[in-house]
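Read off the chains here:
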Amino acid sequence: MRQIQVSLAKRSYPIRIGNDVLADTAALASLVMGKQALIITDENIAPFYLPAIQAALQSKTVQTLIFPPGEQEKNLVRFTEVMHVLAEMKASRDVTLIALGGGVVGDLTGFAAACWMRGVRFIQIPTTLLAMVDSSVGGKTAVDLESGKNLVGAFHQPVAVLADLTTLKTLPERELKAGLAEVIKYGAAFDVGFFSWLEKHVEELLALDETGLTEAISRSCRHKAGVVSRDETEQGERMLLNLGHTFAHAIETEQGYGGFLHGEAVAIGMCLAARLSAQLKRAPAADAERLGNLLKRAGLPTSLPAELDSEALLMRMKLDKKALSGSLRLILWRGLGRADVVADVSETAILRVLSG
Ligand code: NAD
Ligand code: GLY
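Right, let's walk through the structure included here. (Residues numbered from 1 in each chain as written. Chains lettered and ligands numbered in written order. Predicted model: local features only at pLDDT ≥ 70, side-chain atom pairs only at ≥ 80, totals over all residues. Heavy atoms only, no water.)

1. Some details on helix H6 (residues 173-190)
Compared with the 26 Å implied by 1.5 Å per residue over 18 residues, the 26 Å span of H6 between its first and last C-alpha is a close match. Among the 18 residues of H6, 13 are classified as buried, and the element is accordingly described as predominantly covered. (Helix = DSSP H or I, 4+ residues; strand = E, 2+ residues; numbered from the N terminus. Expected span 1.5 Å × (residues − 1). Buried < 20%, exposed > 50% of the residue type's maximum accessible area, 1.4 Å probe, protein only.)

Following this line, the structure appears as structure tokens:
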């Protein structure tokens, strides 16, 4: 098992990565300090992994909430349901919430933990590749509104992240590929050496090779933990983790959260950001091509479908959380491994890239 520490100003917490992480039931139980726990998961995940988590916590008073799967469920209605269940449980300040699932369950559970009694403990048990390398780490929690993704949320860090690689065996292939988009993001934004490593090993990752996955997840988490330790609340460097995300969130919102998966939208968004950087003569066009090729090999989309209207996408992009006083800030790059924040990108240039 590998362990990476997320070190914050006031405390730190571990990310445990390996094949037997959930088999250590004593370790899981010891993270629940009080008597009460609420496990939140979804209908796809529960049949596989819920019984083992419940068995590990049999000495505690445990409630479970199982939601339907999907981005459409990451909303204020589901959040309110969690609040009512906590109230029915008479949950006290020492209750622990447990997110068993992908980024949807993790973001919703984290936000509920941030709000109940102004903040209680929560554990992330990510069961998708995307959640293992990104959403479970770093304390960004949120739900979506119809008008925009993740608009209601809080920074609230988990007490631990338990990433058990065996859970990926039941993950649908499309979801695995979507997770690879966020893995590739770390190489594209920060680490050309990691990008080259991914170019050599992407097929092994698609085949769930254990050594390759452990390496890819650990390297991704090291990047994420480093950035979050230096900039927990996204005052600067953390924005770089959003390479491609302003485009991606606009695509997801425009599709009503039922079209591309988040990772797929991020793959398209990163390609658009790379192409825009090349058009603005900030970065070599060859790097944009290299990024597109790797994403294609990972089975990911790299361009916008024709039915998405570029003007509508631009309007959505203006609601992005990085925008200040209505002015867009985008994450562009100077080439592989060198992302930066750019204000005042011309709307004409953005529209040109959006319309292909
Ligand atoms: P997801 O949570 O929707 O999970 C993907 C699908 O796989 C779901 O249908 C789920 O039921 C199923 N599933 C999950 N684990 C499984 C398993 N082991 N076996 C079988 N089925 C399984 O999607 P995701 O890609 O994990 O997360 C996307 C969400 O994460 C988005 O809402 C995105 O905004 C958010 N996100 C948040 C952050 C952050 O920093 N908080 C970062 C990146 C993404
Ligand atoms: N996924 C971007 C971040 O955590 O900041």
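2. Section: the site of ligand 1
The environment of ligand 1 is formed by 27 residues, the closest being Asp42, Glu71, Thr128, Lys149 and Thr170. Measuring from an oxygen atom of ligand 1, one finds a backbone N or O atom of Gly103 at 2.8 Å. The contact in question runs from a nitrogen atom of ligand 1 to an N or O atom on the backbone of Thr167, over 2.9 Å. Only helix H4 (103-115), helix H5 (129-135), strand S8 (148-155) and H6 provide two or more residues apiece to the shell around ligand 1. (Near = heavy atom within 4 Å. Polar contact = N/O pair within 3.5 Å; in protein donor to acceptor, adjacent residues only side chain to side chain.)

3. Focus: the packing of helix H10 (residues 262-279) against helix H13 (residues 347-354)
Two elements in contact, H10 and H13, have axes whose closest approach is 10 Å; the angle formed by their N-to-C orientations is 125°. Considering the angle they form, H10 stands oblique to H13. Every pair of crossing elements has a handedness; the one defined by H10 and H13 is right-handed. Mapping the contact onto sequence places Leu272, Arg275, Leu276 and Gln279 in H10 and Ala349, Ile350, Arg352, Val353 and Leu354 in H13. Residue composition of the contact of H10 with H13, by class: 6 nonpolar, 1 polar and 2 charged. (Axes fitted to C-alpha atoms, helices over the stretch in contact; angles between N-to-C directions. Parallel < 35°, antiparallel > 145°, perpendicular 65-115°, else oblique. Left-handed = near helix turned anticlockwise from the far one by under 90°. Contact = heavy atoms within 4.5 Å. Nonpolar A, V, L, I, M, F, W, Y, C, P; charged D, E, K, R; others polar.)

4. Regarding empty space enclosed by the protein
The final tally for this structure, using the stated rule, is 1 cavity of 30 Å³ or more. Counted as a void, the largest cavity has a volume near 120 Å³. Lining the largest cavity we find 13 residues, and of these Lys149, His249, Arg316, Leu319 and Asp320 sit closest to its centre. Put simply, the parts of the chain that give the lining of the largest cavity at least two residues each are S8, helix H9 (245-254) and helix H12 (310-317). Broken down by element, the residue count for the lining of the largest cavity peaks at 4 residues, all from H9. (1 Å grid on protein atoms, 1.4 Å probe; cavity = no way out; pocket = protein on both sides within 12 Å on 5 of 7 lines; lining within 4 Å. Points joined across faces, edges and corners; volume = space filled by probe spheres on them.)

5. Let's talk about the site of ligand 2
Surrounding ligand 2, one finds Asp134, Lys140, Lys224, Glu234, Arg238, Leu241 and Asn242. Within the side chain of Lys140, a nitrogen or oxygen atom sits 2.9 Å from an oxygen atom of ligand 2. One nitrogen or oxygen atom from the side chain of Arg238 is found 2.8 Å from an oxygen atom belonging to ligand 2. Burial of ligand 2 by the protein amounts to 90% of the accessible area it has alone, namely 200 Å². (Areas by Shrake-Rupley, 256 points an atom, 1.4 Å probe, with all protein chains shown as cover.)

6. Description of the packing of aromatic side chains
One pass over the full model with this rule turns up 3 aromatic pairs. Where Phe48 meets Tyr49, the ring centres are 5.6 Å apart and the plane angle is 40°; that geometry is what we call tilted. On the accessibility criterion, Phe48 (48% relative accessible area) is partly exposed. Over the aromatic face of Tyr186 sits the side chain of Lys185, whose NZ or CZ is 5.1 Å from the ring centroid. (Phe/Tyr/Trp six-rings, centres within 6.5 Å; stacked < 30°, edge-to-face > 60°. Lys NZ or Arg CZ within 6 Å of the ring centre and 35° of its normal.)

7. Quick notes on the pairing of strand S11 (residues 339-343)
Both faces of the sheet carry side chains from a regular strand, because those side chains alternate between them. Relative to S11, strand S10 (residues 329-333) runs antiparallel, the two being bridged by 5 bridges. Looking at S11, one finds that Leu330 is bridged to Val342. Hairpin geometry of S10 and S11 is characterised by an intervening segment of 5 residues between the two adjacent antiparallel strands and by a positive phi of about 130° at Gly335. (Pairing = 2+ DSSP bridges.)

8. Quick look at the pattern of salt bridges
Taken as a whole and assessed by the stated rule, the structure comprises 22 salt bridges. For Asp134, the salt bridge identified is with Lys185, shortest N-O distance 3.0 Å. In this pair, Asp134 is assigned in helix H5 and Lys185 in helix H6, connecting sequence segments 51 residues apart. Taking the relative accessible area as the measure of exposure, Asp134 reaches 9% and is therefore buried. Classification of Lys185 as buried rests on a relative accessible area of 1%. (Salt bridge = Lys/Arg side-chain N within 4 Å of Asp/Glu carboxyl O.)

9. Quick notes on the packing of H6 against helix H8 (residues 210-230)
Between H6 and H8, the shortest axis-to-axis distance is 9 Å and the interhelical angle comes to 55°. Here H8 runs oblique to H6, going by the angle between their axes. Considering the relative orientation of H6 and H8, their crossing is left-handed. Side by side, H6 and H8 meet where Val183, Tyr186 and Phe190 of the first sit next to Ala216, Ser220, His223, Lys224 and Val227 of the second. The residue makeup of the contact of H6 with H8, split by class, is 5 nonpolar, 2 polar and 1 charged.

10. Notes on H12
Along an α-helix, residues three or four apart share an orientation, since each turn contains 3.6 residues. Those residues of H12 lying buried are Ser310, Leu313, Leu314 and Met317. Summarising the axial view, the buried residues of H12 lie within an arc of 100°, below the 170-degree limit, and thus occupy one face. On its buried face, H12 sits against H9, S10 and H13. (Arc of directions from axis to C-beta.)

11. With respect to the side chain of Thr253
You can see Thr253 is positioned in helix H9. Residue classification places Thr253 among the buried residues on the basis of a relative accessible area of 6%. Separated by 2.7 Å, the side chain of Thr253 and the backbone oxygen of His249 make a polar contact. Setting aside its immediate chain neighbours within four residues, Thr253 contacts Glu146, Ser147, Gly148, Lys149 and Arg316.

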